[in-house]
Amino acid sequence: MDLKFSVITANYNNGKFLPELIESIKKQTYGNWELIITDDFSTDESLAVLASYTEDKRIKVCAHNKNEGAAAAFASSLENAEGDIIGMLG
């Protein structure tokens, strides 16, 4: 059985670090994964950076329409996770 691994994370104004985070997940040797990133109403380029990765169907982007804090952003990511195993990346 090939278990699906969900990686959930929250983002707020960390656009310059997102490519490194996403690429590190994409380089994993285990292939059955998904990455769910919830943007917590960033004011930087985060959403534009995230949009450039959405062609990869394993990457899901959620966006809050107001800043709700890290716990709420992680909760939103968790709600959208479909994996058998869930890991937080913060």
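For the structure given in this document, a descriptive report is provided here. (Residues numbered from 1 in each chain as written. Predicted model: local features only at pLDDT ≥ 70, side-chain atom pairs only at ≥ 80, totals over all residues. Heavy atoms only, no water.)

1. Side note on helix H3 (residues 70-79)
The complete set of buried residues in H3 reads Ala73, Phe74, Ser76 and Ser77. Each buried residue of H3 sits inside an arc of 155° when the element is viewed along its axis, so together they form one side. Looking at H3, the residues exposed on the side facing more than 90 degrees away from the buried face are Ala71 and Glu79. Residues of H3 that are buried make contact with strand E1 (5-11), strand E2 (33-39) and strand E4 (85-88). (Buried < 20%, exposed > 50% of the residue type's maximum accessible area, 1.4 Å probe, protein only. Helix = DSSP H or I, 4+ residues; strand = E, 2+ residues; numbered from the N terminus. Arc of directions from axis to C-beta. Contact = heavy atoms within 4.5 Å.)

2. Structural notes on the layout of surface pockets
If you add up the space inside the largest pocket, you get close to 150 Å³. For the largest pocket, the full set of lining residues is Thr9, Ala10, Asn11, Asn14, Phe17, Leu18, Leu21, Phe74, Leu89 and Gly90. Among the elements of the structure, E1 and helix H1 (18-26) are those that each provide at least two residues to the lining of the largest pocket. A total of three residues in the lining of the largest pocket trace back to one element, the largest contributor, which is E1. A per-class count over the lining of the largest pocket returns six nonpolar, four polar and no charged. (1 Å grid on protein atoms, 1.4 Å probe; cavity = no way out; pocket = protein on both sides within 12 Å on 5 of 7 lines; lining within 4 Å. Points joined across faces, edges and corners; volume = space filled by probe spheres on them. Nonpolar A, V, L, I, M, F, W, Y, C, P; charged D, E, K, R; others polar.)

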